[in-house]
Amino acid sequence: MTASEPDYRCIIHIDADAFFASVEQRDNPDLRGKPVIIGGHPQSRGVVSTCSYEARVYGVRSAMPVSQAYRLCPNGIFIRPRMERYKQVSDAMFDIFDRYSPVIEKLSIDEAFIDVTGEDGVGIAVSIRRDVRHELGITVSAGVSYCKFLAKLASDSCKPDGLKYIP
């Protein structure tokens, strides 16, 4: 059995890596390689929307109070979300998905299932990842399998910037 056999469903799960933080690092190269935390001001009652992998090393996570994120990573660069900008990049990413399949289930601003049944799912996932990296300057992780659950499990297990196939 291969990912391209037409008798089996082939689902790709794509998830952008630290999406908001990646967009900020892409738009401002001075932020690359630094702990970027998207959320409110450290003295506010806000929560972390997301953070770069550099901030995750310190234990910072999504949905954590920004005050706790500041205690864990006082050298972090705290940035208020720019939702309009993230939506622009998301729309461009979904335009790339549209090139490969008309069957797309949007899960969030940076995540989707793409049904490519009858096609080479791994090959398409490689192409999508390449296109997103080259055209948008961010990375995505991809999981490929015959069902959504395993495709999501695969993409979660190869973050960041990975691809995994579960037959």
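This text goes with the structure placed above it.
Report follows, based on the coordinates. Since we're looking at a predicted model, the values are computed, not measured.

**Thoughts on the environment of R129**
Counting through the fold element by element, R129 comes out in helix α5 (residues 121-136). Residue R129 is classed as buried on the basis of its relative accessible area, which comes to 17%. A sequence separation of 12 residues divides R129 from S141, and the C-alpha atoms of the two residues are 7.4 Å apart. For R129, the contacting residues outside a window of four places in its chain are V140, S141, A142, D161, G162 and L163. Polar side-chain contacts of R129 include one of 3.1 Å to the backbone oxygen of V140.

**A word on the side chain of D131**
Looking at the secondary structure, you find D131 in helix α5. There is a polar contact of 3.4 Å between the side chain of D131 and the side chain of R99. For D131, the side chain forms a polar contact with the side chain of Y100, separated by 2.5 Å. Beyond its immediate sequence surroundings of up to four residues, D131 is in contact with I96, R99, Y100 and L136.

**Notes on the sheet that holds strand β1 (residues 11-16)**
The strands that make up a sheet pair up through hydrogen bonds in the backbone, lying either parallel or antiparallel. An order of β5-β6-β1-β7-β8 is seen for the 5 strands of this open sheet, with the pairing classed as mixed. For this open sheet the edge positions go to β5 (104-108) and β8 (163-165), each flanked by a neighbour on one side alone. Adjacent strand axes in the sheet meet at a mean angle of 15 degrees when their direction is disregarded. Inspection of the sheet shows β5 paired to strand β6 (residues 111-115) by 4 bridges, in the antiparallel sense. In the sheet register, E105 faces β6, and the bridge partner there is F113. Relative to the sheet, helix α4 (residues 83-100) contacts β1, β5, β6 and β7 (140-145), its axis offset from that of β5 by approximately 155 degrees.

**Overview of unusual backbone geometry**
Here the amide bond leading from K159 into P160 is cis, since omega sits at -10 degrees, within 30 degrees of zero. Residue placement: P160 occurs in the loop between α6 (148-157) and β8. Positive phi is not limited to glycine here, since A63 has a value of about 75 degrees. In this fold, A63 is placed in the loop between α2 (53-56) and α3 (66-72). Relative accessible area serves as the criterion here: at 58%, A63 is assigned to the exposed category. Residues other than glycine seldom take positive phi values, yet D161 does so here, at roughly 60 degrees. With respect to the helices and strands, the residue D161 is situated in the loop between α6 and β8. D161 sits in the partly exposed class, given a relative accessible area of 31%.

**Notes on the sheet that holds strand β2 (residues 36-39)**
Spatially, 3 strands are ordered β3-β2-β4 in an open sheet, and the strand pairing comes out mixed. Sheet topology places β3 (48-51) and β4 (77-79) at the edges, where each strand pairs with a single neighbour. Each strand of the sheet is rotated relative to its neighbour by a mean of 25 degrees, with strand direction disregarded. In this sheet, β4 lies alongside β2 in parallel orientation, the contact comprising 3 bridges.

**A few points about the pattern of salt bridges**
As enumerated under the stated definition, the model contains 16 salt bridges in all. Residue D27 pairs with R85 through a salt bridge whose shortest N-O separation is 2.9 Å. With a gap of 58 residues between them, D27 in helix α1 (residues 19-27) and R85 in helix α4 connect regions that are remote in the sequence. For D27, a relative accessible area of 30% gives the class partly exposed. In this structure R85 comes out as partly exposed when scored by relative accessible area, which is 26%. Across the pair D131 and R130 runs a salt bridge, and its minimum N-O distance is 3.1 Å. Residue R130 is classed as partly exposed on the basis of its relative accessible area of 40%. Beyond isolated ion pairs, a larger network of salt bridges with shared partners links E24, R26, D27, R82 and R85.

Reading guide: rules and limits
Throughout, residues of each chain are indexed from 1 in the direction in which the sequence is written. The predicted nature of this model means local features are confined to residues of pLDDT at least 70 and side-chain atom pairs, given and counted, to a pLDDT of 80 or more, with totals for whole chains, interfaces and linings taken over all residues. As a rule here, side-chain values come from all non-hydrogen atoms in the structure, and water together with hydrogens is ignored. A run of H or I in DSSP counts as a helix once it spans at least four residues, and a run of E counts as a strand once it spans at least two, with each numbered from the N terminus. Each residue's exposure class comes from its accessible area (1.4 Å probe, protein chains only) as a fraction of the maximum for that residue type: buried when under 20%, exposed when over 50%, partly exposed otherwise. We call two residues contacting when some pair of their heavy atoms lies within 4.5 Å. Polar contacts, as counted here, are pairs of nitrogen or oxygen atoms within 3.5 Å of one another; within protein the pair requires one atom able to donate a hydrogen and one able to accept it, and residues that are adjacent in sequence qualify only if both atoms are side-chain atoms. Any two strands with at least two DSSP-identified bridges between them are counted as paired. Comment: axis = line fitted to C-alpha atoms, over the contacting stretch for helices; angle = value between 0 and 180 degrees taken between N-to-C directions. Any Lys or Arg side-chain nitrogen found within 4 Å of a carboxyl oxygen on Asp or Glu counts as a salt bridge.

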